[in-house]
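# Report on the structure
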Amino acid sequence: MPRDPATGEPRFGAPRTSEVELIVPVEPPEPNEALVYMLASEVNFNDLWALTGIPVSPFDNHEEDVQVTGSGGVALVAALGSEAKREGRLKVGDLVAVYSGQTELLSPLAARDPMYVGFSIQGYETRTGSHAQFLVTQAPQLHPLPADLTLEQAGSYILNLGTIVRALFTTLKIAPGKALFVEGSATGTGLEALKSATRAGLAVTGGVSSPARAAFIAMQGAAGALDRTEARFAGLYTPVPEADPAAWEAAGVPLLDEYRRQNGGRLADYAVSHAGETAFPRSFQLLAEGGSLAFYGASSGYHLTFVGKPGTASPEAMLQRAGARAGEAVLLYYGPGSTALLDSTGLEMIEAVRAIGARTVVATATDAQREFVQSLGFEDAVAGVVSIEDIRRRQGDNFDWPTTMPRLADAKADIETFRHGVRDFQDRTLKPFGAAVGALLRSPDNPRGAPDLVMERAGHDALGVSTALVKPFTGRVVYCEEMSGRRYAFYAPQVWTRQRRILMPTASILGTHLCNAYEVTRMNDMVSAGLLDVTEPTVVPWHELPAAHQAMWDNRHQGANYVVNHALPSPGLRSKEALFEAWAAGERA
């Protein structure tokens, strides 16, 4: 996708018009990189977000005139950088599956998880992608093909199935015999989740949008199906309203009853969500006590809401569950929504954090509360106290502390208004408050002063703030108090793409995002062993790629997953030798 030569602005729009074929230069590989000749490439929703600029523009990451989309595929190694060659794992001519995750390879933090250091998805968060004849990759992106896959299968699966492998086995840590609910379970990642979890011994109920899709997932091993187009459910799939969350929750009881009927009287131990703001609230509602929801996308909108579940836990218990450690930076709210000086729960939280040796900043609602907390003699246990009233007085109209995450415009219908809403929340809420907190938590190992953990409060809804301020990848937002009947809201990408966690007394919301290179290796082992299945893809001819993207954008696509053919001469090939023989015979797909 190019920029407009007259204005320099990206030509965002419908895929059928914004996506064009271009000739672009290809750079030689750096020492830890490889140059590959793409045979086929994955077609997925990352392409759509790049082509439409929703929710963010990929051009924000570079100054080039062209954005090449495409995340993953199958390829031949054409050239190797010096270090990639010296390692000896790869050689020119190798047939490889291309994983789309890139990271800062030499960072010491990569030892914890490569996704935690400068992680980006090639083709969406980088300027180059796999919908191209040649592609430069990092060496760890290239993997041997699992046994007995066709080349079109090998080019289609890593992003979708890799996302699911991490969501199920790393993020949710699923266990056999448990119950799982999966949104959008008849296509794409939803189908991969259903099939993978079923093979792992779970009872999977799928969310679908037609009786035909309900019948289809039954053939894939689903234990049940919830059809959102059924008359009794059709009006249920909405965000939670601010005005009457109790009525919204009560309206969902028939949905819960149907799930129980299909699952021996129980609700879901786990849920996998990706369909966005209209589906997410009901998926969370379907969780049983102690259940966890993992999500990695929000295709119907990014303003996610839910109604809290009943139950309480002590601050000590929740800190232990969150794995809080001495020396970590903690943000804690005191007296939210009140002018009273005494906040007994807030004091319990301060004492619990002090007991583990963490460094705390307390955020109070009023100046008087700040002075009261400062007078209690917590000394070094509290690094400082921030008053929201004081920030408002100093910042004036440049600061806003909303009662909930402000509603965002429909990004598909009005992207500029959507972006303005996100920027306004960042500029008038996150930045002033975050600067005040960060100035007190800043340290040599935490130069920005981002909290490792936020002790949230059930009595207000600052979740949109807390999930944006807590550290990416390792950050946890923790609740201790009764949350039932209350509505909460947050901005989806802050949790899913940064893999943050929201831990509540009787439920969890866990952000998850693609997978790392090691998880690709383990996934390929599981595929070879028959523990995971690679869905046969729909193969799209090269010049029909814009039409395939448009069908996905319009939700008219029928295939579970797609691959675009660059250079495969015929379907069903399973090796480099078969590929070369077909080329030599002059075969053409």
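Before going into details, it helps to say that this report is about the structure given with it. (Residues numbered from 1 in each chain as written. Predicted model: local features only at pLDDT ≥ 70, side-chain atom pairs only at ≥ 80, totals over all residues. Heavy atoms only, no water.)

A word on the overall build of the protein. Secondary structure summary: the protein contains 20 helices and 23 strands in total. Scaling as 2.2 N^0.38, a compact globule of 589 residues should have a C-alpha radius of gyration of about 25 Å, and the protein matches this with 25 Å. Principal axes of the C-alpha set define a box for the protein whose edges measure 85 × 55 × 45 Å. Within the protein, buried positions represent 58% of all 589 residues. Here the protein contributes 51 positively and 66 negatively charged side chains, and the mean placements of these two sets differ by 2 Å. (Helix = DSSP H or I, 4+ residues; strand = E, 2+ residues; numbered from the N terminus. Rg over C-alpha atoms; globule rule 2.2 N^0.38 Å. Buried < 20%, exposed > 50% of the residue type's maximum accessible area, 1.4 Å probe, protein only. Lys, Arg positive; Asp, Glu negative; His and termini not counted. Charge placed at Lys NZ, Arg CZ, Asp CG, Glu CD.)

Geometrically, a packed helix pair is captured by the angle between its two axes and the distance between the axes. Contact pair helix H5 (residues 158–171) / helix H18 (residues 517–528): the axes reach a minimum separation of 10 Å and the direction vectors enclose 95°. Classed by the angle they form, the pair H5 and H18 counts as roughly perpendicular. Judged by residue contacts, Ile158, Leu161, Gly162, Val165, Arg166, Phe169 and Thr170 of H5 engage Glu519, Val520, Met523, Met526 and Val527 from H18. Looking at side-chain class alone, the contact of H5 with H18 contains eight nonpolar, two polar and two charged residues. (Axes fitted to C-alpha atoms, helices over the stretch in contact; angles between N-to-C directions. Parallel < 35°, antiparallel > 145°, perpendicular 65-115°, else oblique. Contact = heavy atoms within 4.5 Å. Nonpolar A, V, L, I, M, F, W, Y, C, P; charged D, E, K, R; others polar.)

So, about the nonpolar core. For soluble globular proteins, the rule of thumb is that nonpolar side chains tend to be buried together. Formed by 110 residues in total, the largest nonpolar core has its most connected members in Phe295, Tyr302, Phe306, Phe433, Met455, Phe490 and Ile509. The element contributing the most residues to this core is helix H15 (residues 415–441), with eight residues. Look past the residues within four positions of Phe433 in its chain and what remains in contact with it is Leu331, Tyr333, Ala363, Val386, Ile388, Ile391, Phe399, Trp401, Val465 and Leu469. Leu151, Val520, Val534 and Leu573 belong to the second largest nonpolar core, which has 32 residues in total. (Core = buried A, V, L, I, M, F, W, Y, C linked by side-chain atoms within 4.5 Å.)

Bringing the pattern of salt bridges into the picture now. Evaluated as defined, the whole model comprises 28 salt bridges. Among the salt bridges present, the one from Glu87 reaches Arg89, with a minimum N-O distance of 3.9 Å. The partner of Glu230 in a salt bridge is Arg232, with the nearest N and O atoms 2.8 Å apart. A residue is classified by how much of its surface remains accessible, and Arg232, at 44% relative accessible area, is partly exposed. (Salt bridge = Lys/Arg side-chain N within 4 Å of Asp/Glu carboxyl O.)

Attention now goes to the packing of aromatic side chains. This model, assessed by the stated rule, comprises 23 aromatic pairs. Seen from their ring centres, Tyr302 and Trp496 are 6.2 Å apart, and the 15° between their planes marks the pair as stacked. Residue Tyr302 is located in the loop between strand S12 (287–295) and strand S13 (303–307), and its partner Trp496 is located in helix H17 (residues 492–496); the two are separated by 194 residues in the primary sequence. As far as burial versus exposure is concerned, Tyr302 and Trp496 are alike and both buried. Ring plane angle 50° and centroid distance 6.5 Å describe the contact between Tyr333 and Trp401, whose orientation is recorded as tilted. Taken together, the residues Tyr333 in strand S14 (residues 329–334) and Trp401 in the loop between helix H14 (388–395) and H15 connect sequence positions 68 residues apart. Aromatic ring contacts, followed pair by pair, group Phe280, Phe284, Phe295, Tyr302, Phe306, Phe418, Tyr479, Tyr488, Phe490, Tyr491 and Trp496 into a single cluster. (Phe/Tyr/Trp six-rings, centres within 6.5 Å; stacked < 30°, edge-to-face > 60°.)

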